[in-house]
Amino acid sequence: MNERVLEKLSILADAAKYDVSCSSSGSKRKNEDKGLGNAEGMGICHAYTEDGRCVSLLKILLTNHCIFDCAYCVSRKSNDVKRAAFTVQEVVDLTVNFYRRNYIEGLFLSSGIFGSPDDTMERLVRIAKKLRTEERFNGYIHLKAIPGASPELLHQAGLYADRLSVNMELPTEQSLKLLAPQKTQGDVLRPMAYLKESIAANRDERKTLAKAPLFAPAGQSTQLVVGASSENDQQILQLSQSFYHDLKLKRVYYSGYVPISNDGRLPAIGTPVPMIRENRLYQADWLLRFYGFRAEELVTADDPFLDQQIDPKLHWALRNLQQFPIDINEADPALIRRIPGIGIKSAEKIVAARRFRRLDWEHLKKFNIATNRARYFLNMKVDGAFRKDWSPEQIRGFIVGSAQSKYAANHSPQLSMF
Ligand code: SF4
């Protein structure tokens, strides 16, 4: 690789690290006609750097030149940083070379906006098209859909990319006005709505015409920057819920704001958003997508932030203790999934096993449940005794205390849930 390209790579890979919406999967693009790569199968792009960013894709910007001036972004027009731009062919060559060397399994390509949204989008599309049609690359491609780009270009992008994402970044119009005055929510929601319709139409078409070309088979995602603006977790989760329900997004990613400037509109340098806030949002997001929770059950106007000490499912259970204890031999499967310490797989095992016998605590212990949590929410003898009428504060104290002693014993930094 020549030095000029190497320098561009160092600048544009570094600038791309703030975008966390890069995990993939769900795509089933097969290797055809002895082409290069295959987006099907295990573990596409699930390696992470020390700071938790995903790296097994070639994750770069096409350019960090930008005509916009979003206060929270390193690539903003007014920031004094080294600028660079790849040519279309350079990105194609890098992707193919890295793929052949087994460094990457796909490409995550975003960009600052130069010229106009259409100029930028057109180049992103050209890269994906070249990879697919000239290099016959069947690896994973995630393209950023540029807000304001025309539907024709978004359509082209969907024909070559596995996943598309338009980043909302800030959760309210008010914050966009304050920190990203050249953007509106409409600029982001319009392409999202277009992609939603096109993805659904493509799925329908392929039911009758199996050979119809794929359109963004891994769907669309977005990213929200957390902590750059004043929104609480309730506002963030309500928005995520509408993305999942109304716009059928596959994923919403949460990126804790890393202070990068002394702009008085933003948190000061040296006061990053605690990782635990990002972590709790991901846990709550998981509950929205897989456990049937609604955002308004997890956070309320009176209690708009997720509890940082305990996970959102336990927090919900303690606020709704009147729904417990639950008889796992009779309860609706949806309710079993809501018991702290019991995940989806364990709930399925319980429902399958109870068809054959009445389950007791000894059986449950074999289903890989978190016994230190579940024990307070079950209507059965646990270790020989029935549950006492503990208050929410007492249960919280027992669980937090047991987690702290376990942590001290293992020196493990991991947080657990479910
Ligand atoms: S449009 Fe995107 S790249 Fe440009 S300043 Fe805003 S967030 Fe950064």
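Residues numbered from 1 in each chain as written. Predicted model: local features only at pLDDT ≥ 70, side-chain atom pairs only at ≥ 80, totals over all residues. Heavy atoms only, no water.

Q: Account for the overall build of the protein chain, naming residues and giving values.
A: Looking only at helices and strands, the protein chain has 15 helices and six strands in total. Within the protein chain, the proportion of its 418 residues that are buried is 52%. Expressed as a percentage of contacts within the protein chain between residues at least 6 apart in sequence, the contacts between residues at least 24 apart total 67%. With an accessible surface of roughly 19,800 Å², the protein chain has 51% of that area assigned to carbon and sulfur atoms. (Helix = DSSP H or I, 4+ residues; strand = E, 2+ residues; numbered from the N terminus. Buried < 20%, exposed > 50% of the residue type's maximum accessible area, 1.4 Å probe, protein only. Contact = heavy atoms within 4.5 Å. Areas by Shrake-Rupley, 256 points an atom, 1.4 Å probe, with all protein chains shown as cover.)

Q: Can you lay out the site of the ligand for me, pointing to particular residues and giving the numbers?
A: Close contacts around the ligand come from Cys66, Phe68, Cys70, Cys73, Arg76, Gly112, Ile113 and Lys183, and that covers them all. For the shell around the ligand, a count of residues per class yields five nonpolar, one polar and two charged. (Near = heavy atom within 4 Å. Nonpolar A, V, L, I, M, F, W, Y, C, P; charged D, E, K, R; others polar.)

Q: Describe the sheet that holds strand β2 (residues 106-110), naming the residues involved and giving the relevant values.
A: Strand order in the open sheet formed by six strands is β1-β2-β3-β4-β5-β6, with parallel pairing between adjacent strands. Only two strands of the sheet have a single neighbouring strand rather than two, namely β1 (57-61) and β6 (251-256). Here the strands of the sheet are splayed against their neighbours by 20° on average, with no regard to which way each runs. Pairing geometry for strand β5 (residues 220-226) and β6, over six bridges, is parallel. By the bridge assignment, valine 226 is partnered in β6 with glycine 256. Together, β5 and β6 form the strand contacts of helix α7 (residues 233-246), whose direction differs from that of β6 by roughly 155°. (Pairing = 2+ DSSP bridges. Axes fitted to C-alpha atoms, helices over the stretch in contact; angles between N-to-C directions.)

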